[in-house]
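# Fold and contact review
As a plain string of letters, each chain reads:
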Amino acid sequence: GGQIMPPVMGAGAFLMAEMIGMPYTEVMIAAILPAVLYFMTTFFVIDLRAGKDGLLGLPSSELPNLKEVIGSKGHLVLPLLILLYALLIQGSTPIRAAFLSIIACVVVSYFRKSTRMSLKSIFSALEEGMNGSLEVIAACACAGIIMALVSLTGVGLKLSSVIIALAGSNLFLALILTAVIIIIMSMGLPTTACYLVSAAIMAPALSQLGISPLSAHMFIFYFACLSGITPPVALVAYPAGAIAKANPVTVGYLAFRMAIVGFIIPFIMVYSPAIFLKGEPLEVILVVITSLIGAYAIAVSTEGWFKKPLHMVGRALLLVGGVAMIIPGMKTDIIGLALIIVGYLIGSKLSKNTGAVEC
């Protein structure tokens, strides 16, 4: 999720800006609503699951004191604010903005004795930063070789022509085929490398079908980012399973179910640019409201719970209604809202009659 959430997205987002010749700030603004939908849906699912399992929050006596936290470590947010200022206000390049924020990290640490960085900790942080960038550097280098081979051999154009030939004029089928290819490629590649290779091969095909460069690259970027929780591989589920002492396969499928909206959003990006916060203000506000309602309906559907258990029939209607609400358009919004209301009523009624709790 951190890779799709502005203001500091994954390395692939910076590369995307370079590939389509667009300022990073525009990419960042376009990514706000899709990322919010993803995180809000995850929050909704966890909240509903907690309610279903009877989990409660910490008592107020055990919560951290906000004033104390801000007083002791609030200054550590300054480097992030400097990064945002450099990117959004000054219009600096990502490299310059990152350099300024790194310098700010060291300077700001001296504002409090408890956070002060020693010379050893500064070099240690620089070492960790370089080690962390090696994976991205290696991925970019390998991806550059692959992109060059794709360009020289014409494989990219051939694969693009195959997709267009199979899909014909059916845009939805072309998107499905693209998503499947990206998921297969992501099984053995990190996110950045998967995005670069997929963008080099698949973006031209999507562009030939009339999709804008931003929509095409965002579509590819999202599926590359979600590869970590996409079954059957779901690499992120293995360390998560180890931490939680749970079956990685179960963790992977549960994560996939929790993030189901993340797999729907890329398709909406293609069919409606309003999700990129582009268009008339009223249209954008309506898209935000209906999308959040749809996201909550999908969360209720996946968990089968809204203050009480819901029957499978109602959950199916809630799922369809939630997807319809996320799809921009007055007709889909009306249909989606009607399905959500009917789905909840039917789900509650059937569950009450059968006395079954469906998970």
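In case you missed it, the structure is sitting above this.
Let us look at the structure shown here. Just so you know, these numbers come straight off a predicted model, no measurement behind them.

## Notes on the side chain of Thr 41
The topology assignment puts Thr 41 in helix α3 (residues 32-53). Beyond its immediate stretch of four places on either side in the chain, Thr 41 contacts Met 258, Val 261, Ala 295 and Ala 299.

## Focus on the layout of surface pockets
Approximately 590 Å³ is the volume found for the largest pocket. What lines the largest pocket is a set of 18 residues, among which Val 8, Ala 98, Ile 102, Gly 129 and Ser 133 lie closest to the centre. Listed by contribution, the elements that provide at least two residues to the lining of the largest pocket are α1 (11-20), α6 (94-109) and α7 (119-153). A total of eight residues in the lining of the largest pocket trace back to one element, the largest contributor, which is α7. Its residues placed into classes, the lining of the largest pocket shows 13 nonpolar, five polar and no charged.

## Examining the pattern of salt bridges
Inspection of every chain in the model, using the stated rule, returns three salt bridges. Arg 49 is the salt-bridge partner of Glu 303, the closest N and O atoms lying 2.7 Å from each other. Residue Glu 303 is located in helix α15 (residues 281-303), and its partner Arg 49 is located in helix α3; the two are separated by 254 residues in the primary sequence. The exposure class assigned to Arg 49 is partly exposed, which follows from its relative accessible area of 28%. One salt bridge in this structure joins Glu 303 and Arg 257, with 3.3 Å as the shortest N-O distance. With a gap of 46 residues between them, Glu 303 in helix α15 and Arg 257 in helix α13 (residues 248-258) connect regions that are remote in the sequence. Accessibility expressed as a relative area gives 27% for Arg 257, which makes it partly exposed. Salt bridges sharing partners connect three or more residues here, namely Arg 49, Lys 52, Arg 257 and Glu 303.

## Observations concerning the packing of helix α11 (residues 213-225) against helix α14 (residues 260-271)
Two elements in contact, α11 and α14, have axes whose closest approach is 8 Å; the angle formed by their N-to-C orientations is 170°. Relative to α14, α11 is oriented roughly antiparallel. In this structure, α11 uses Ser 215, Met 218, Phe 219, Tyr 222 and Phe 223 to contact α14, whose residues at the interface are Gly 262, Phe 263, Ile 265, Pro 266, Phe 267, Met 269 and Val 270.

## Some remarks on the packing of α3 against α15
Contact geometry for α3 and α15: axes closest at 9 Å, N-to-C directions at 35°. The handedness of the crossing between α3 and α15 comes out as right-handed. Between α3 and α15, the contacting residues are Leu 33, Leu 37, Met 40, Thr 41, Phe 44, Val 45, Leu 48, Arg 49 and Lys 52 on the first element and Val 287, Val 288, Ser 291, Leu 292, Ala 295, Tyr 296, Ala 299, Val 300, Thr 302 and Glu 303 on the second. A class-by-class count of the residues in the contact of α3 with α15 yields 13 nonpolar, three polar and three charged.

Cut-offs and rules
- Residues numbered from 1 in each chain as written.
- Predicted model: local features only at pLDDT ≥ 70, side-chain atom pairs only at ≥ 80, totals over all residues.
- Heavy atoms only, no water.
- Helix = DSSP H or I, 4+ residues; strand = E, 2+ residues; numbered from the N terminus.
- Contact = heavy atoms within 4.5 Å.
- 1 Å grid on protein atoms, 1.4 Å probe; cavity = no way out; pocket = protein on both sides within 12 Å on 5 of 7 lines; lining within 4 Å.
- Points joined across faces, edges and corners; volume = space filled by probe spheres on them.
- Nonpolar A, V, L, I, M, F, W, Y, C, P; charged D, E, K, R; others polar.
- Salt bridge = Lys/Arg side-chain N within 4 Å of Asp/Glu carboxyl O.
- Buried < 20%, exposed > 50% of the residue type's maximum accessible area, 1.4 Å probe, protein only.
- Axes fitted to C-alpha atoms, helices over the stretch in contact; angles between N-to-C directions.
- Parallel < 35°, antiparallel > 145°, perpendicular 65-115°, else oblique.
- Left-handed = near helix turned anticlockwise from the far one by under 90°.

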